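Chain by chain, the residues:
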Amino acid sequence: MDMNQLDLNLLRVFDAVYRHRSVSRAAEELGLSQPAASQAVTRLRLLLGNALFERVHGGVRPTPRAERLARVVRAALAALEVGLGEARDFDPQAAQQRFRIHLSDIGEARFLPALMAALRARAPGIRIETLPLPVEEIAEALDRGTLDAAIGFLPGVLSTERRVLLHDHYCVLLRSAHPLLAAAKGRRLGVDALRQLEFVAVRSHSETLRILQVLELTDRIRLSAAHFLAVPAIVSETDLAVVMPHEIACGFVRRGGYALLDADLPGHRFAVSLHWSRRFAQEPAKVWLREFIGELFTQQGVAPS
């Protein structure tokens, strides 16, 4: 292929389509119409003599040639972004950027209210999209630029840069009229007391399941739910208990109708971290996002490590 025929914008469209596996989502990211993005892909196909993408249900799938090309294009674009970004500052007041962040459902409840309120004052044009992914896909998504950041207790996410935002621990949430509370009298629950309870378990948070498994309490699970945020409503109407992070549980206790007890839970302490890719470590917009998140939650009394 003659390099004189290559338009850099074609590579930007190719990279976005590859990351999103969708022409329409790529067009949205780049601020193009879908026909314009599709035309760019067609031009690059003709230049390279390869289909690049095959249509599949819900989007497109890259060809083997596109897979090889994507690694080179992503590295080249990242280098250009860093090089060009060094010549300008990121202006949050003027920015119209979209940031994509991995957060679990419980992470959304913990971080999004404060984050969105602060962005309204400091960066009103910035949009946030949460994109929860399986743990094994997060590091690659950060490297590909599909994610700008990931927040959570993510011990399985390796090969990323990270900053600890907060330390927390798991505890047991019950309804305030639960019959066990009279006997417990606010004391820390031991294993024998835990064995008197029946539990809701949340499949999307494997750590709480691990704790119940280590304590050999899986036979005490009466409900297996997909998400955390429906669980407190269930707990309030039943004698079921749930193991959940202390910070989130305190919010429900403050609203009334719940009691919170510490318990002898194995490995119950954990750290919530902000993760990002080394490939984008110097990109001005993402540097600003990371510093903003760190500053915001430090102001709320959470000290990063």
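You'll find the structure just up there.
We now turn to the structure provided with this report. Sequence order as written defines the numbering, with residues in each chain counted from 1. Two thresholds apply to this predicted model, a pLDDT of at least 70 for residue-level local features and 80 or more for giving and counting side-chain atom pairs, whereas whole-chain, interface and lining totals are computed over all residues. Side-chain numbers here rest on the full set of heavy atoms in the structure, without hydrogens or water.

1. Brief notes about the nonpolar core
- Note on terminology: a nonpolar core comprises buried Ala, Val, Leu, Ile, Met, Phe, Trp, Tyr and Cys residues joined through side-chain atoms within 4.5 Å. Each residue gets one of three labels from its accessible area relative to the maximum for its type: buried under 20%, exposed over 50%, partly exposed in between, using a 1.4 Å probe on protein chains only. In this structure, Leu189 and Leu194 are the most contacted members of the largest nonpolar core, which totals 52 residues.
- Sort the elements by how many residues they give to this core and helix 12 (residues 284–299) lands first, with seven residues. Segments assigned H or I by DSSP are reported as helices when at least four residues long, segments assigned E as strands when at least two residues long, and all are numbered from the N terminus.

2. Remarks on the environment of arginine 120
- Within the secondary structure, arginine 120 is located in helix 5 (residues 105–122).
- The class of arginine 120 is exposed, set by a relative accessible area of 71%.
- Residues arginine 120 and glutamine 93 lie 27 residues apart in sequence; the distance between their C-alpha atoms is 9.7 Å.

3. Overview of the environment of isoleucine 138
- Mapped onto the elements of the fold, isoleucine 138 is located in helix 6 (residues 135–144).
- For isoleucine 138 and serine 176, which are 38 residues apart along the polypeptide, the C-alpha to C-alpha distance reads 38 Å.
- Beyond its immediate chain neighbours, meaning those up to four positions away, isoleucine 138 contacts His102, Leu133, Leu147, Ala150, Leu154 and Val157. The contact criterion used is simple: two residues touch if any of their non-hydrogen atoms lie within 4.5 Å.

4. Some words on helix 1 (residues 8–20)
- By this rule, a helix spans an expected 1.5 Å times one less than how many residues it contains. Here helix 1 contains 13 residues, and its C-alpha end-to-end distance of 19 Å stays within 8% of the 18 Å for a straight helix at 1.5 Å per residue.
- Counting buried positions along helix 1 gives ten out of 13 residues, so the element sits mostly inside the fold.
- Turning to helix 1, its buried residues number three or more, namely Leu10, Leu11, Val13, Phe14, Asp15, Ala16, Val17, Tyr18, Arg19 and His20.
- Directly after helix 1, the chain includes arginine 21, whose backbone phi takes a positive value near 55 degrees.

5. Describing the pattern of salt bridges
- What makes a salt bridge here is a side-chain nitrogen of Lys or Arg within 4 Å of a carboxyl oxygen of Asp or Glu, nothing more. Overall, the coordinates contain 18 salt bridges when judged by the stated rule.
- The partner of arginine 98 in a salt bridge is glutamate 129, and the shortest N-O contact between them spans 3.4 Å. In this pair, arginine 98 is assigned in strand 3 (residues 98–102) and glutamate 129 in strand 4 (residues 127–130), connecting sequence segments 31 residues apart.
- Of the residues examined, arginine 98 reaches a relative accessible area of 19% and is grouped as buried.
- Assessed through its relative accessible area of 25%, glutamate 129 is described here as partly exposed.
- Across the pair arginine 100 and glutamate 129 runs a salt bridge, and its minimum N-O distance is 3.3 Å.

In short, shape yes, function no, at least from these values alone.
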